[in-house]
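What follows is each chain in one-letter form.
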Amino acid sequence: QVQLVESGGGLVQAGGSLRLSCAASGRTFSRYPMGWFRQAPGKDRELVAAISRSGISTYYADSLKGRFTISRDNAKNTVDLQLNSLKPEDTAVYICAARSSGSNYVTDMVEYDYWGQGTQVTVSS
(Lines give C-alpha, C1' and ligand atoms only; values in the text may rest on other atoms or scores of the structure.)
Protein backbone atom coordinates (compact mmCIF):
# COMPACT_ATOMS: atom_id res chain seq x y z
CA GLN A 1 0.00 0.00 0.00
CA VAL A 2 1.23 3.47 -0.86
CA GLN A 3 0.09 6.70 0.73
CA LEU A 4 0.53 9.97 -1.10
CA VAL A 5 0.34 13.36 0.60
CA GLU A 6 0.47 16.60 -1.36
CA SER A 7 1.54 19.99 -0.06
CA GLY A 8 2.49 23.42 -1.34
CA GLY A 9 -0.80 24.68 -2.69
CA GLY A 10 -2.18 28.11 -1.93
CA LEU A 11 -3.38 31.44 -3.26
CA VAL A 12 -1.14 33.24 -5.73
CA GLN A 13 -1.53 36.14 -8.13
CA ALA A 14 -1.46 35.63 -11.86
CA GLY A 15 2.11 35.42 -13.08
CA GLY A 16 3.32 33.97 -9.82
CA SER A 17 4.81 30.59 -8.99
CA LEU A 18 4.20 27.69 -6.65
CA ARG A 19 6.04 24.47 -5.95
CA LEU A 20 3.91 21.46 -5.11
CA SER A 21 5.32 18.40 -3.43
CA CYS A 22 4.00 14.87 -3.09
CA ALA A 23 5.45 12.70 -0.35
CA ALA A 24 5.05 8.96 -0.69
CA SER A 25 5.22 6.31 1.98
CA GLY A 26 6.94 3.01 1.43
CA ARG A 27 10.43 1.89 0.51
CA THR A 28 9.55 1.00 -3.09
CA PHE A 29 8.79 4.54 -4.26
CA SER A 30 11.54 4.40 -6.85
CA ARG A 31 9.62 1.62 -8.64
CA TYR A 32 6.58 3.78 -9.31
CA PRO A 33 5.96 5.94 -12.32
CA MET A 34 4.23 9.07 -11.01
CA GLY A 35 1.88 11.69 -12.28
CA TRP A 36 0.30 15.00 -11.35
CA PHE A 37 -3.32 15.62 -12.27
CA ARG A 38 -5.64 18.53 -11.66
CA GLN A 39 -9.36 18.97 -11.38
CA ALA A 40 -11.16 22.28 -11.60
CA PRO A 41 -14.75 22.75 -10.39
CA GLY A 42 -17.19 21.30 -12.89
CA LYS A 43 -14.44 19.87 -15.07
CA ASP A 44 -12.94 16.45 -15.62
CA ARG A 45 -9.69 15.45 -14.01
CA GLU A 46 -6.82 15.97 -16.41
CA LEU A 47 -3.20 14.93 -16.57
CA VAL A 48 -0.74 17.75 -16.00
CA ALA A 49 2.59 15.92 -16.08
CA ALA A 50 4.03 12.45 -15.62
CA ILE A 51 7.47 11.05 -14.87
CA SER A 52 9.16 7.68 -15.22
CA ARG A 53 10.36 5.85 -12.16
CA SER A 54 13.96 6.86 -12.86
CA GLY A 55 13.01 10.48 -13.47
CA ILE A 56 14.71 10.52 -16.87
CA SER A 57 11.54 10.59 -18.96
CA THR A 58 8.80 13.16 -18.52
CA TYR A 59 5.53 14.09 -20.17
CA TYR A 60 3.55 17.34 -20.12
CA ALA A 61 0.13 18.28 -21.34
CA ASP A 62 0.63 20.33 -24.50
CA SER A 63 -1.03 23.43 -23.07
CA LEU A 64 1.31 23.46 -20.08
CA LYS A 65 4.68 22.88 -21.69
CA GLY A 66 7.21 25.49 -20.71
CA ARG A 67 5.38 26.61 -17.57
CA PHE A 68 5.28 23.48 -15.40
CA THR A 69 8.15 21.15 -14.48
CA ILE A 70 7.89 17.74 -12.85
CA SER A 71 10.80 16.18 -10.96
CA ARG A 72 11.39 13.47 -8.40
CA ASP A 73 13.83 12.58 -5.67
CA ASN A 74 13.77 8.84 -5.09
CA ALA A 75 16.03 9.13 -2.05
CA LYS A 76 13.46 11.40 -0.38
CA ASN A 77 10.37 9.65 -1.79
CA THR A 78 9.04 12.87 -3.28
CA VAL A 79 7.78 14.09 -6.61
CA ASP A 80 7.47 17.83 -7.16
CA LEU A 81 5.63 20.03 -9.61
CA GLN A 82 6.97 23.52 -10.23
CA LEU A 83 4.26 25.87 -11.47
CA ASN A 84 5.43 29.09 -13.15
CA SER A 85 3.64 31.96 -14.91
CA LEU A 86 0.39 30.87 -13.32
CA LYS A 87 -2.92 31.89 -14.87
CA PRO A 88 -6.42 32.04 -13.34
CA GLU A 89 -7.37 29.03 -15.46
CA ASP A 90 -4.75 26.98 -13.60
CA THR A 91 -6.98 27.15 -10.52
CA ALA A 92 -7.75 23.56 -9.49
CA VAL A 93 -7.07 20.84 -6.98
CA TYR A 94 -3.74 19.26 -7.89
CA ILE A 95 -3.47 15.55 -7.17
CA CYS A 96 -0.50 13.20 -7.38
CA ALA A 97 -0.81 9.58 -8.37
CA ALA A 98 1.37 6.49 -8.53
CA ARG A 99 1.36 3.46 -10.76
CA SER A 100 2.52 0.23 -9.13
CA SER A 101 4.09 -1.36 -12.20
CA GLY A 102 6.10 -0.48 -15.27
CA SER A 103 9.03 1.85 -15.65
CA ASN A 104 8.01 4.55 -18.09
CA TYR A 105 5.50 7.31 -17.42
CA VAL A 106 1.84 6.72 -18.22
CA THR A 107 -0.71 9.20 -19.47
CA ASP A 108 -3.95 7.27 -18.97
CA MET A 109 -5.65 8.00 -15.66
CA VAL A 110 -6.96 4.47 -15.33
CA GLU A 111 -3.41 3.10 -15.23
CA TYR A 112 -2.71 4.75 -11.86
CA ASP A 113 -3.24 2.71 -8.72
CA TYR A 114 -2.76 5.17 -5.86
CA TRP A 115 -4.03 8.71 -5.41
CA GLY A 116 -3.44 11.50 -2.95
CA GLN A 117 -6.11 13.79 -1.55
CA GLY A 118 -4.95 16.82 -3.47
CA THR A 119 -3.82 20.36 -2.72
CA GLN A 120 -5.74 23.47 -3.77
CA VAL A 121 -4.12 25.99 -6.09
CA THR A 122 -5.98 29.26 -6.57
CA VAL A 123 -4.71 31.89 -8.99
CA SER A 124 -6.22 35.36 -8.73
CA SER A 125 -6.36 37.77 -11.64
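Anyway, here's the lowdown on the structure attached to this text. (Residues numbered from 1 in each chain as written. Predicted model: local features only at pLDDT ≥ 70, side-chain atom pairs only at ≥ 80, totals over all residues. Heavy atoms only, no water.)

### Focus: the nonpolar core
Turning to step 1, where the next piece is worked out: Core analysis: the biggest nonpolar cluster contains 31 residues, and Leu4, Met34, Trp36, Leu81, Leu83 and Tyr94 have the highest contact counts within it.
Turning to step 2, where the next piece is worked out: Broken down by secondary-structure element, the contributors of at least two residues to this core are strand 3 (18-24), strand 4 (34-39), strand 5 (46-51), strand 7 (68-73), strand 8 (78-83), strand 9 (92-98) and strand 11 (119-124).
Turning to step 3, where the next piece is worked out: Non-local contacts of Tyr94, meaning those with residues more than four positions away in its chain, are made with Glu6, Leu20, Trp36, Phe37, Arg38, Val48, Phe68, Leu81, Leu83, Gly118, Thr119 and Val121. (Core = buried A, V, L, I, M, F, W, Y, C linked by side-chain atoms within 4.5 Å. Buried < 20%, exposed > 50% of the residue type's maximum accessible area, 1.4 Å probe, protein only. Helix = DSSP H or I, 4+ residues; strand = E, 2+ residues; numbered from the N terminus. Contact = heavy atoms within 4.5 Å.)

### Thoughts on the packing of aromatic side chains
Turning to step 1, where the next piece is worked out: Counted according to the given criterion, the structure contains five aromatic pairs.
Turning to step 2, where the next piece is worked out: Between Tyr32 and Tyr114 the ring centres are 6.4 Å apart and the planes differ by 55 degrees, which places this aromatic pair in the tilted class. One end of the pair, Tyr32, is in the loop between strand 3 and strand 4; the other, Tyr114, is in strand 10 (residues 114-115), and 82 residues separate them in sequence.
Turning to step 3, where the next piece is worked out: Looking at Tyr32, the relative accessible area reads 9%, which means it is buried.
Turning to step 4, where the next piece is worked out: Three or more aromatic residues joined by ring pairs make a cluster, and in this case those are Phe37, Tyr112 and Trp115.
Turning to step 5, where the next piece is worked out: Taking NZ or CZ as reference, Arg45 lies 4.9 Å from the ring centre of Trp115, over its face. (Phe/Tyr/Trp six-rings, centres within 6.5 Å; stacked < 30°, edge-to-face > 60°. Lys NZ or Arg CZ within 6 Å of the ring centre and 35° of its normal.)

### Description of the side chain of Arg38
Turning to step 1, where the next piece is worked out: In this structure, Arg38 sits in strand 4.
Turning to step 2, where the next piece is worked out: There is a polar contact of 2.9 Å between the side chain of Arg38 and the side chain of Asp90.
Turning to step 3, where the next piece is worked out: Looking at Arg38, its side chain comes within polar contact range of the side chain of Tyr94, at 3.0 Å. (Polar contact = N/O pair within 3.5 Å; in protein donor to acceptor, adjacent residues only side chain to side chain.)

### Here's the deal with the sheet that holds strand 7
Turning to step 1, where the next piece is worked out: Spatially, the four strands line up as an open sheet ordered 1-3-8-7, and their pairing is antiparallel. Of all strands in the sheet, those bounded by a partner on one side alone are strand 1 (4-7) and strand 7. Strand-to-strand twist across the sheet, computed as the mean angle between neighbouring axes with direction ignored, equals 15 degrees.
Turning to step 2, where the next piece is worked out: Taken together, the four bridges between strand 1 and strand 3 define a ladder with antiparallel strand orientation. (Pairing = 2+ DSSP bridges. Axes fitted to C-alpha atoms, helices over the stretch in contact; angles between N-to-C directions.)

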